[in-house]
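This is what each chain is made of:
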Amino acid sequence: MPAEDTMAKLVSLSKRRGFVYPASEIYGGLASSWDYGPLGVELKRNVKDAWWQATVQERDDVVGLDSAILQSPEVWRASGHVDNFTDPLIDCKKCKGRFRADDLQNQYCPEKPSKHPGECEGELTEARQFNLMFKTFVGPVEEDASVAYLRPETAQGIFINFSNVLTSSRRKPPFGIAQIGKSFRNEITPGNFLFRTREFEQMEMEFFVPPDDWERWYQEWQKTRFEWYVDLGVRRDRLRLREHGADELAHYSRACSDVEYEFPFGWSELEGIAFRTDYDLLQHTERSGKPLKFFDPQSKEHYTPYVIEPAAGCDRATLAFLCDAYTEEQVEGEERVVLKLHPRLAPIKAAFLPLVKKEGMPERARKLQQAVSRRFPTFFDAAAAIGRRYRRQDEVGTPYCVTIDGQTAEDQAVTVRDRDSMTQERVAEDQLLSFLDERIHGSLTSADG
Ligand code: ATP
């Protein structure tokens, strides 16, 4: 299937079924802004929960944080964002298109979409540096003294809280601080649906290590983060790790590799795992005058830890999960569209479908649904033929459909249909919750009973 087709189909399905809508649509939209609908909000929350569980909950060397979006502008001076967080911007004098000068091969002339900027008759201006941070004002007076920035990354909120976390949670390197939250960048060329937007969510973790130990942890986090996507069902052959060349590295970074996914529009970054040295802690130490160091009781010395940073995009990950899950199949001469999302990510875990709207079947289905919905998001659908109802659930990725039929009242059992194999199994009503639990959370549930 051509790449544009897959993306167009995904955008259309997302809108039609309530995953993602164009933002401000009734006012004509706002370029590259998106709103998550009823199913999208569940999917995205599941992505964040899975990251938090793997990164914070299941480890005893990482703690969480939720820092403010608005911080002192000093933070962004110290981090280098005020001076350096720029992209080179060029304009086409003919069509007035604006482009990122360092990425022309991936951009197209708005008037001649088969050509890259500069390859048409239009003349390009000299590149000028454009700061990507959104500015705002704190307080009622719009004057320079009150300028603040919407954070362009969540990482700096972690660095400036290094000492707070160290003392309040009694940690010592190696340990990490993780955070999920909104970031804002005034991107010159947003696009590709959720891939690049001006407002997005990040899932970032700064892992502080003794300087001698950075290499081991750098390797470790590359592996851990790569496998996270595989564990959540992404095809291994559509993932790769790409080590940055020396010319790609930020000035503070000594090594960096990206987890990339083969999107319909090509291989692109999902997340970066960077070795940031002690750059950020030293910058904030210098500017704030507050030492951000760790006192090692063994050597009786203070030192500044080195940092390994896995930084992922939540919306980008969500897009990758959607792209990877989107499947068209021929079933009995008909086309079936199915989102083969990992059950943990699926917005609805089980749909309850009374076979017909009589003989007490809807009531029985409702009662069962109520019990299961205390544990999982569920859905009830009594309208249309059963085959159509299955297809509707396939299209939104619901892994299990539970059918209540005429026999249920006699044998206290229901039919559970598996989304991917489409096989059906008879399950006793009183076993349904543990049956679903086992399949959705796998061996996890045996530990918590
Ligand atoms: P890119 O090169 O794609 O602009 P980056 O290397 O600048 O990304 P980082 O600063 O390392 O990105 O941010 C970490 C992660 O945050 C990225 O891997 C990506 O998943 C996500 N991210 C960054 N910018 C955006 C954006 N404009 N829209 C959506 N997600 C983003």
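Note: the structure precedes this text.
Remember, it's a predicted structure, so these values are computed and weren't measured experimentally. (Residues numbered from 1 in each chain as written. Predicted model: local features only at pLDDT ≥ 70, side-chain atom pairs only at ≥ 80, totals over all residues. Heavy atoms only, no water.)

**Observations regarding a nonpolar patch on the surface**
Point 1. Together, I69, L70 and V138 make up an exposed nonpolar region whose accessible area comes to about 230 Å².
Point 2. Here L70 lies in the loop between strand 3 (62-64) and helix 3 (73-79). (Patch = residues over 30% accessible without salt bridge, like charges linked within 9 Å, V, L, I, M, F, W, Y side chains within 5 Å. Areas by Shrake-Rupley, 256 points an atom, 1.4 Å probe, with all protein chains shown as cover. Salt bridge = Lys/Arg side-chain N within 4 Å of Asp/Glu carboxyl O. Helix = DSSP H or I, 4+ residues; strand = E, 2+ residues; numbered from the N terminus.)

**What to know about the pattern of salt bridges**
Point 1. Going through the model one piece at a time under the given rule, you end up with 43 salt bridges.
Point 2. Across the pair D87 and R100 runs a salt bridge whose closest N-O atoms are separated by 3.5 Å. Taken together, the residues span a long stretch of sequence, with D87 in strand 4 (residues 86-91) and R100 in strand 5 (residues 98-100) at a distance of 13 residues. R100 carries the same exposure label as D87, and that label is buried. (Buried < 20%, exposed > 50% of the residue type's maximum accessible area, 1.4 Å probe, protein only.)

**Re the site of the ligand**
Point 1. Taken together, the neighbourhood of the ligand is formed by 15 residues, with E187, R196, T197, E269 and L270 sitting nearest.
Point 2. Contacts to the ligand include E187, whose side-chain N or O atom sits 2.8 Å from a nitrogen atom.
Point 3. Contact distances for the ligand include 3.0 Å between an oxygen atom and a side-chain N or O atom of R316.
Point 4. Protein contact buries 81% of the 590 Å² of open area that the ligand shows by itself.
Point 5. For the shell around the ligand, the secondary-structure elements that each account for two or more residues are strand 10 (199-209), strand 13 (266-277) and strand 16 (306-313). (Near = heavy atom within 4 Å. Polar contact = N/O pair within 3.5 Å; in protein donor to acceptor, adjacent residues only side chain to side chain.)

**Side note on the sheet that holds strand 23 (residues 424-428)**
Picture the strands of a sheet paired through backbone hydrogen bonds; they go either parallel or antiparallel.
Point 1. Spatial ordering of the open sheet is given by 20-19-21-22-23, a layout of five strands whose pairing is mixed. The open sheet has two free edges, formed respectively by strand 20 (378-380) and strand 23, since each of these has just one partner strand. Taken pair by pair, the neighbouring strands of this sheet meet at an average axis angle of 25 degrees, ignoring direction.
Point 2. Alignment of strand 22 (residues 413-418) against strand 23, held across five bridges, turns out to be antiparallel. Residue pairing across strands places V416 opposite E425, the latter belonging to strand 23.
Point 3. Here helix 11 (residues 386-396) sits on the sheet in contact with strand 19 (350-354), strand 20, strand 21 (400-404), strand 22 and strand 23, set at roughly 170 degrees to strand 19.
Point 4. The strands touched by helix 13 (residues 432-441) within the sheet are strand 19, strand 21, strand 22 and strand 23, with strand 23 carrying the most contacts at an inclination of about 130 degrees. (Pairing = 2+ DSSP bridges. Axes fitted to C-alpha atoms, helices over the stretch in contact; angles between N-to-C directions. Contact = heavy atoms within 4.5 Å.)

**Examining the side chain of T403**
Point 1. Mapped onto the elements of the fold, T403 is located in strand 21.
Point 2. One polar contact links T403 to Y390, side chain to side chain, over a distance of 3.1 Å.
Point 3. With residues up to four places along the chain from it excluded, the contact list for T403 reads L353, L355, I386, Y390, V414 and T415.

**Description of the nonpolar core**
Point 1. Core analysis: the biggest nonpolar cluster contains 57 residues, and M203, W228, Y229, L239, I308, L319 and F321 have the highest contact counts within it.
Point 2. If we skip the residues at most four places from it in the chain, L319 touches M7, L10, N192, F193, L194, F195, F263 and F265.
Point 3. Grouped together as the second largest cluster of nonpolar side chains are 19 residues, A350, L368, A382 and I440 included. (Core = buried A, V, L, I, M, F, W, Y, C linked by side-chain atoms within 4.5 Å.)

**Considerations on the sheet that holds strand 3**
Point 1. If you trace the seven strands from one edge of the open sheet to the other, you get 3-9-10-16-13-12-11, paired in mixed fashion. Only two strands of the sheet have a single neighbouring strand rather than two, namely strand 3 and strand 11 (239-243). Strand-to-strand twist of the sheet, defined as the mean angle between neighbouring strand axes without regard to direction, takes the value 25 degrees.
Point 2. Here strand 11 runs beside strand 12 (residues 255-263); their pairing, made up of five bridges, is antiparallel. Counterpart to L241 in the pairing with strand 12 is V259.

**Things to note about the packing of helix 2 (residues 38-57) against helix 9 (residues 314-325)**
In helix packing, the relevant descriptors are the interaxial angle and the interaxial distance, both defined with respect to the helix axes.
Point 1. Two numbers describe how helix 2 lies on helix 9: the axes approach to 10 Å, and their chain directions differ by 110 degrees. As the angle between them shows, helix 2 and helix 9 are arranged roughly perpendicular. Between helix 2 and helix 9 lies a crossing whose hand is right-handed. Contacts from L43, K44, V47 and K48 in helix 2 reach C314, D315, A317, T318, F321 and L322 in helix 9.
Point 2. Looking at the contact of helix 2 with helix 9 residue by residue, the classes come out as six nonpolar, one polar and three charged. (Parallel < 35°, antiparallel > 145°, perpendicular 65-115°, else oblique. Left-handed = near helix turned anticlockwise from the far one by under 90°. Nonpolar A, V, L, I, M, F, W, Y, C, P; charged D, E, K, R; others polar.)

**Some thoughts on unusual backbone geometry**
Point 1. Residues P173 and P174 are joined by a peptide bond in cis, for which omega reads 0 degrees.
Point 2. Within the fold, P174 resides in the loop between helix 6 (162-169) and strand 9 (175-184).
Point 3. Here S24, not a glycine, exhibits a phi torsion of approximately 55 degrees, which is positive.
Point 4. Tracing the chain through its elements places S24 in the loop between strand 1 (20-22) and strand 2 (34-36).
Point 5. Located in the positive-phi region is R170, a residue other than glycine, with phi close to 45 degrees.
Point 6. Looking at the element boundaries, R170 is found in the loop between helix 6 and strand 9.

**Quick word on the environment of S183**
Point 1. Structurally, S183 can be placed in strand 9.
Point 2. Judged by relative accessible area, S183 falls into the buried class, the value being 0%.
Point 3. C-alpha separation for the pair S183 and L353, spaced 170 residues apart in sequence, amounts to 41 Å.
Point 4. In this structure the side chain of S183 is engaged in a polar contact, spanning 2.8 Å, whose partner is the side chain of Q202.

**Quick notes on helix 13**
Think of an α-helix as 3.6 residues a turn; residues three or four steps apart then line up on the same face.
Point 1. Of all the residues in helix 13, the buried ones are L432, F435, L436, D437 and I440.
Point 2. Count one or two residues on from helix 13 and you reach G442, which has phi positive near 60 degrees.

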